[in-house]
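Summary of the model geometry
Given next are the chains, with one letter for each unit.
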Amino acid sequence: MIKTTWDLSQIYKTDEEFFADFEKVKKSVDEIEKFRGTLCKPNRENLLKYLKLNDEVSSIFEKLAVFAHCKKDDDGKNPDNMKKYALIWDYDSKISEKLSFVKSELVSLDEKFLNELMADSNFKDYSRVIESLIREKKHTLSEHDEQILANVSGFVSNDNAYSSLSDIEMIHGTVKDENGKTINLNSSNYNLFLKDKNQDFRKKVMEEYLGHYRRLNLTISELYISNVKYTNFVAKLKNYKSALDMSTYDEQVDSAICKKNIEYVGSKSKLLQEYFKTKKEILGLKEFYTSDINADLPFDVQNVKYEKCVEDIYEAFKPLGTDYQNMFKKALEEGWIDALPRQNKANGGYTIHTYLIHPYILLNFDGTNYWKSAIAHEFGHAMHSYYSAKTQPYAKADYTIFVAEVASLTNEILLSEYVLQKETDKKKKMQIIADFLSLFYLNVYNSSMLAEFEIYAHETLANGESLTGQDLTQKFAEIFSRYFGDSVKFTENFEYDWERKSHIFRDYYLYKYSTGLISACAIASKILSDKTGEYVKKYKQFLSLGDSKDPVSSLKVADIDITSDETYDFAFGMFEKYLNELKEIYKGEKN
């Protein structure tokens, strides 16, 4: 029987179990502190003892953190839930402070000794840790300086301040609907209203909502500029060429991949403009504004029940094999997924995993196609984590952000293909195709445009030039105008839309959505054309790699070379194929 709420008792059945593990972690951290002054010495037995103890304490603390996070999001008004979350969050900072000596001591080990460890079978579970130490030697500061950075980072990063301002304190204005009813705008209903069938309403919503970001342009600009300055400062302090190099170096990805992504996607702006012009025609609009980009096609789409959605998703997973389908069934029946909205529950959706148990998924399913896709998307994350945890030791199980969106987006494409092939109603087919094209725009085009915006901000300040909110706003408008051409008109205040993008506070995160979907397009196509099951085996091997290989090498296991034009050509070929199919169906319906 399908459950629609989490079963968090699989992590901890009682408070006593939770606090017993918390005390265990505290004692283990104290034990790790006793290694101070010894980890810089070439003692294999001592080093192996530390690594194993660190794995033990980290995996248990991860379990505590996942439980506390899920309980908070399960009911944010419950004081006990909030106390547990605050307890874990506070202690996480203390761990960073207490153990700040570890990295600097390990990095100081002689490179010859570290290379010898790589050949020692006793350290096979830690080969990636050792590789990282060798790579980071030239970018690690003294213990004293690393401790200062660890302490400072908590109050110089402006991500939390921005979130508090944008999500909680900021007033987003009001609009009147077609019945004259006044509606308070917020971050939850904004995107929903931009799908509305009434163009004038959509336009009013965007202009009003972004007008309040315009009002706070100075404050948000200063928060972002300060964030960029800090990142640039750390990059320079740690001997990186740039903040981009620091970000990509941490994940063992060449910074050229980000720049190639921006360059290639930018070369396909004409295709994007063709998509917008097609959508304008289908919507029957005289002018196509930025507020129309996310509008639904003008067809009545009925909401569907959760049970029907998961049935379709189960069938869409058939090409991945019965084992994958059975895991989806297990997740549905054993309380991995909290599916439906309710009072005091957190908004949005995500997957969170713990090595010692299994992943958990939060949804707020409302019967729309968006949330149907979100179920498949989040289960992709869950299975990536599940396969990695089942296959890899703890030290190699946590894959990098660079590949984090590949499995989730692959699942969305598989679902789109399944419902598209099954659907006979032409108008519904058009909506399915339009949803994929919208997904591609958001993840590939929009993310690449914002990555170009990020590079501008970081490089301007790194070169010693001044940067203001007006500069940022003008650059954002210039980039989007270049991509949109004459196919889209800016609504009033659209040039302030960059202020709404919380991901820019997580330096160079967004371009990975683009490379993720570009990889997923090729993977999904290979899965669907796999008649022998050999490619699916390769794909599952990729899902099982965790961090045992660098991200680019991991993708190559699934026959994806993200550095080649061929991979990009394939993805944009898929976008063009879907766009042409949309045109053909519309042409037939119009005639």
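Above this text is the structure in question.
This text gives an overview of the structure that appears in the document. (Residues numbered from 1 in each chain as written. Predicted model: local features only at pLDDT ≥ 70, side-chain atom pairs only at ≥ 80, totals over all residues. Heavy atoms only, no water.)

1. Considerations on the overall build of the protein
The line we're drawing: Segments assigned H or I by DSSP are reported as helices when at least four residues long, segments assigned E as strands when at least two residues long, and all are numbered from the N terminus. Each radius of gyration reported is based on C-alpha atoms, and the globular scaling rule is 2.2 Å times the count of residues to the power 0.38. Relative accessibility thresholds used throughout: buried, under 20% of the residue-type maximum; exposed, over 50%; partly exposed, between the two (1.4 Å probe, protein chains only). Only heavy atoms enter the contact rule, under which two residues are in contact if any of them lie within 4.5 Å.
Scanning the protein from N- to C-terminus turns up 24 helices and 5 strands. Against the 2.2 N^0.38 benchmark of 25 Å for 591 residues, the protein shows a C-alpha radius of gyration of 25 Å, consistent with a compact globule. For the protein, the proportion of its 591 residues judged to be buried stands at 53%. Of all intrachain contacts in the protein linking residues separated by at least 6 positions in sequence, the fraction that spans at least 24 positions is 75%.

2. Quick notes on the side chain of Ser247
Relative to the helices and strands, Ser247 resides in helix H12 (residues 243-250). Contact partners of Ser247, with chain neighbours within four places excluded, come to Asp507, Tyr508 and Lys512.

3. Looking at the side chain of Glu405
The condition that has to hold: For the purposes of these results, a polar contact is taken to be a pair of N or O atoms within 3.5 Å, where, inside protein, one atom must be able to donate a hydrogen and its partner to accept one; residues adjacent in sequence count only when each atom of the pair is a side-chain atom.
With respect to the helices and strands, the residue Glu405 is situated in the loop between helix H17 (369-391) and helix H18 (406-422). There is a polar contact of 3.3 Å between the side chain of Glu405 and the side chain of His377. Beyond its immediate chain neighbours, meaning those up to four positions away, Glu405 contacts His377, His381, Tyr509 and Tyr513.

4. Let's talk about the packing of aromatic side chains
To keep it simple, the criterion reads: Here a Phe, Tyr or Trp ring, Trp counted by its six-membered ring, pairs with any other such ring whose centre lies within 6.5 Å, and the pair is stacked when the planes are under 30 degrees apart, edge-to-face when over 60, and tilted otherwise. Sitting over a ring, as applied to charges here, requires NZ of Lys or CZ of Arg to be within 6 Å of the ring centre and within 35 degrees of the ring normal.
Across all of its chains, the model carries 54 aromatic pairs by this definition. Taken together, a centroid distance of 5.6 Å and an interplanar angle of 70° make the contact between Tyr240 and Tyr249 edge-to-face. Relative to Phe575, the ring of Tyr275 lies with its centre 5.8 Å away and its plane at 75°, an arrangement referred to as edge-to-face. Here the residue Tyr275 occupies a position in helix H14 (residues 269-283), and Phe575 occupies one in helix H24 (residues 565-590), the gap between them amounting to 300 residues. According to the relative accessible area criterion, Tyr275 is buried, its value standing at 2%. In this arrangement the basic side chain of Arg135 is found over the ring face of Tyr249, its NZ or CZ atom lying 3.9 Å from the centre. Above the ring of Tyr578, the side-chain terminus of Lys577 is found at 5.0 Å from the ring centroid.

5. With respect to the pattern of salt bridges
What counts is decided by this rule: Think of a salt bridge as a Lys or Arg side-chain nitrogen and an Asp or Glu carboxyl oxygen that are within 4 Å of each other.
The tally for this structure, following the rule as stated, stands at 37 salt bridges. Among the ionic pairs, Glu23 bridges to Lys26, the shortest N-O distance being 3.6 Å. Taken together, the positions of Glu23 and Lys26, both in helix H1 (residues 15-33) and 3 residues apart, correspond to about one turn of that helix. For Lys26, a relative accessible area of 30% corresponds to the partly exposed category. Through salt bridges that share partners, Asp74, Asp338, Arg342 and Lys345 make up one connected network.

6. Let's talk about unusual backbone geometry
A negative phi holds for most residues other than glycine; trans holds for most peptide bonds. Its identity is not glycine, yet Gln252 carries a phi of approximately 60°, on the positive side. Along the chain, Gln252 falls in the loop between H12 and helix H13 (255-266). Its relative accessible area of 24% is what places Gln252 among the partly exposed residues. Non-glycine residue Tyr508 carries a positive phi angle of around 55°.

7. Some words on the packing of H1 against helix H3 (residues 79-98)
Which entries qualify depends on this criterion: Angles here are taken between N-to-C directions and fall from 0 to 180 degrees, while the axes themselves are lines fitted to C-alpha atoms, restricted in helices to the stretch in contact. Orientation categories follow fixed angle ranges, with anything under 35 degrees roughly parallel, anything over 145 roughly antiparallel, 65 to 115 roughly perpendicular, and all other angles oblique. The residue classification treats Ala, Val, Leu, Ile, Met, Phe, Trp, Tyr, Cys and Pro as nonpolar and Asp, Glu, Lys and Arg as charged. All others, Gly included, are polar.
Their axes nearest at 11 Å, the elements H1 and H3 cross at an angle of 10°. The orientation of H1 with respect to H3, classified from their angle, is roughly parallel. Residues Asp15, Phe18, Phe19, Phe22, Val25, Lys26, Val29, Asp30 and Glu33 of H1 form the contact with H3, whose participating residues are Lys84, Leu87, Ile88, Tyr91, Ile95 and Lys98. Split into classes, the residues belonging to the contact of H1 with H3 amount to 9 nonpolar, no polar and 6 charged.

8. Details of helix H20 (residues 469-484)
Selection rule: The span one expects for a helix is its residue count, reduced by one, times 1.5 Å.
Between its first and last C-alpha, H20 extends 22 Å over 16 residues, near the 22 Å set by a 1.5 Å rise per residue. Residues of H20 that are buried sit in contact with helix H11 (217-237), H13, H14 and helix H19 (426-462). Immediately downstream of H20, the backbone of Gly485 shows phi near 55°, a positive value.

9. With respect to the sheet that holds strand S4 (residues 350-352)
Worth spelling out the cut-off: Paired strands are those between which DSSP finds at least two bridges.
Within the open sheet, the 3 strands sit side by side as S3-S5-S4. Their pairing is mixed. The open sheet has two edge strands with one neighbour each: strand S3 (337-338) and S4. Here 3 bridges tie S4 to strand S5 (residues 360-362), and the two strands are oriented antiparallel to one another. Bridge pairing in S5 places Tyr350 opposite Leu362. Across the face of the sheet, helix H2 (residues 44-74) comes into contact with S3, S4 and S5 while running at roughly 150° to S4.

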